[in-house]
Amino acid sequence: MYKVYGRVRSRAARVLWLLEELGVPYEHIDVGPHDPQVVALNGSGKVPVLVDGEHMITDSSAIMTYLADKHGDFTYPAGTIERAKQDALFHTVLDEIDAVLWVAARHGFILPEDKRVPAVIDCTKWEFERNLARLEARLEGPFLQGEKMTIADILLTHCLNWANGAGFPVTSRKIKDYAKEMRARPASQRMGALTPA
């Protein structure tokens, strides 16, 4: 059985959601970054961490790719043009959406106060909106690549949830409708229910 270390309100949500979609058993260890259990597995103290038997994998994107490939679902086969397009979308979301949100979070509350540059946050909101508009043009519907849901959809929806909580503008009706449909998926609802009261 897989073990997933990390809180639902972190990038661990991506991994938990995928496991719910795959319908495979797992144990969720609800701990935050730098918890001693996490540090014992990952010296950086970052979550999520996936334990699969004797093996440990860090980084939500690596974990998602591993699980999707291992179970042959929510991904296209390696070496296909569809997989290349999926990877391009996945990395676009990481580079242009996730990374922008992370910069804002770091300058908002994560970095030591004397290292924060609050003006960066306004810039990241502008960049986020611009990048999301470009991504919207690539949204084929109902999923990013048309009829097949992939790990890129889980990644993007998690980032949209993060953006919403951080006060980032999502003005596109097409993106809002897409996110609403993704959040309504039973696996997403089950993952969300893991949040402690």
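The shown structure was predicted, so the numbers you read here are calculated from the model rather than taken from an experiment.

**So, the domain arrangement of the protein**
- By domain assignment, the protein separates into domain 1 (2–74 + 188–194) and domain 2 (81–185).
- If you average the C-alpha positions of domain 1 and of domain 2, the two centres end up 20 Å apart.
- Listed per partner, the contact involves 16 residues of domain 1 and 20 residues of domain 2.
- At the boundary of domain 1 with domain 2, total buried surface from both sides reaches about 1,500 Å², with 59% on carbon and sulfur atoms.
- For domain 1, the biggest contributors to the area lost against domain 2 are R14, W17 and F74; these three give 41% of the whole.
- The interface formed by domain 1 and domain 2 contains four salt bridges.
- The closest approach of N and O atoms between D69 and R83, which form a salt bridge, is 2.9 Å.
- Across the domain 1-domain 2 interface, the total number found is eleven residue pairs in polar contact (both at pLDDT 80 or more).
- Breaking the side of domain 1 that touches domain 2 down by element, the ones donating at least two residues are α1 (12–22), α3 (60–71) and α8 (186–192).
- When grouped by side-chain class, the residues that make up the side of domain 1 that touches domain 2 number six nonpolar, five polar and five charged.

**Here we look at the packing of aromatic side chains**
- Scanning all chains against the criterion turns up one aromatic pair.
- On the basis of an interplanar angle of 80 degrees and a centroid distance of 5.3 Å, the ring pair of F128 and F168 is categorised as edge-to-face. Taken together, the residues F128 in helix α5 (residues 119–136) and F168 in the loop between α6 (151–165) and α7 (173–183) connect sequence positions 40 residues apart. In this structure, F128 and F168 share a single accessibility class: buried.
- In this structure, R11 packs its charged tip against the face of W102, placed 5.0 Å from the ring centre.
- K148 extends its terminal NZ or CZ atom over the ring of Y76, reaching a point 5.4 Å from the ring centre.

**Examining the sheet that holds strand β4 (residues 55–58)**
- On the basis of which strands lie adjacent, the open sheet formed by four strands has the order β2-β1-β3-β4 and mixed pairing. The open sheet is flanked by β2 (26–29) and β4, the only strands paired with a single partner. Averaged over all neighbouring strand pairs, the angle between strand axes comes to 20 degrees, with direction disregarded.
- Bridge count between strand β1 (residues 2–5) and β2: four bridges; the pairing is parallel. Bridge pairing links Y2 to Y26 in β2.

What counts, and where the lines are drawn
- Residues numbered from 1 in each chain as written.
- Predicted model: local features only at pLDDT ≥ 70, side-chain atom pairs only at ≥ 80, totals over all residues.
- Heavy atoms only, no water.
- Domains from an automatic or database assignment.
- Contact = heavy atoms within 4.5 Å.
- Buried area = accessible area lost by both parts, 1.4 Å probe.
- Salt bridge = Lys/Arg side-chain N within 4 Å of Asp/Glu carboxyl O.
- Polar contact = N/O pair within 3.5 Å; in protein donor to acceptor, adjacent residues only side chain to side chain.
- Helix = DSSP H or I, 4+ residues; strand = E, 2+ residues; numbered from the N terminus.
- Nonpolar A, V, L, I, M, F, W, Y, C, P; charged D, E, K, R; others polar.
- Phe/Tyr/Trp six-rings, centres within 6.5 Å; stacked < 30°, edge-to-face > 60°.
- Buried < 20%, exposed > 50% of the residue type's maximum accessible area, 1.4 Å probe, protein only.
- Lys NZ or Arg CZ within 6 Å of the ring centre and 35° of its normal.
- Pairing = 2+ DSSP bridges.
- Axes fitted to C-alpha atoms, helices over the stretch in contact; angles between N-to-C directions.

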